[in-house]
Amino acid sequence: LKLDVGVNRNTAQWLALRVSTTGTLSPISVSSVTLYLDNGNGTFGAEDTLVSYATNTFNAAGNVDLRLASPQTLNTATQSYFVVLNVISTAAIGGTVGVTLHSPGAVTLASPDTVTSTNFPQSSGNATVADGPDTVTVTPTSQAPASADQNTSFSVLRLAMLTDQENAQLSALQVTKSGNLADS
């Protein structure tokens, strides 16, 4: 959610923001909720400045109070901020998640300043969780015996497989025979 924030005169000190989750994804599937100040290009990226604490998570009811690491001074020039979610790697594929600010009470300013009810509630769209790319590391270990009797089954190779995130489904395995035994 991109927030364009400004005041009608003078300045105001922004202290906190209450964010609520929307969509079908469980609140525990979001590992962090943060607030960033835009660098002026209008697009969220690594060049933007984190202004909230980085350890915010939704409670079971789907709410989080983002305390700002230091108050943000708002003035008559509009400043843009981004509410950023980090979804866990095991989040349900196809689940949706977004955020909403229900009312002016979602924005905490230092007294005596207040927030107008114009533009509330304010909601993002819901993003659909997609299956990200997985990298599977395969570690083979030979288990071939020194000799094998005819008409017996034996293990020749053990494969240990590990994904870098979530789960991956193995759909095929190609095996190539080596050695000098003729095909039957």
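Above this text is the structure in question.
Note that this is a predicted model, so its numbers are computed, not measured. (Residues numbered from 1 in each chain as written. Predicted model: local features only at pLDDT ≥ 70, side-chain atom pairs only at ≥ 80, totals over all residues. Heavy atoms only, no water.)

1. Comments concerning the sheet that holds strand β1 (residues 2-5)
Applied cut-off: Two strands pair if DSSP finds at least two bridges between them. Elements are defined by DSSP. Helices are runs of H or I of four residues or more, strands are runs of E of two residues or more, and each kind is numbered from the N terminus.
Spatial strand order, β1-β6-β3-β4: four strands in an open sheet with antiparallel pairing. Looking at the sheet topology across the chains shown, the edges are occupied by β1 and β4 (49-50).

2. Digging into the layout of surface pockets
The gaps left among the atoms become clear once a water-sized probe is rolled over them. Rules: The distinction between a cavity and a pocket rests on a 1 Å grid over the protein atoms alone: a 1.4 Å probe fits inside a cavity but cannot get out, while a pocket stays open yet meets protein on both sides within 12 Å along at least five of seven lines, and a residue with an atom within 4 Å of a point counts as lining. Grid points are joined across faces, edges and corners, and a volume is the space filled by probe spheres set on the points.
Within this model, the largest pocket holds a volume of roughly 680 Å³. Around the largest pocket sit 26 residues that line it, and Val5, Gly6, Thr114, Val115 and Thr116 are the ones nearest its centre. Mapped by element, the contributors of at least two residues to the lining of the largest pocket are β1, β2 (12-22) and β8 (107-109). Looking at the lining of the largest pocket element by element, the count peaks at four residues for β1.

3. As for the side chain of Asn63
As a reminder, the rule being used: Any pair of residues with heavy atoms lying within 4.5 Å of one another is described as a contacting pair.
Mapped onto the secondary structure, Asn63 falls in strand β5 (residues 63-74). Beyond its immediate sequence surroundings of up to four residues, Asn63 is in contact with Arg18, Val19, Ser20, Thr57 and Phe58.

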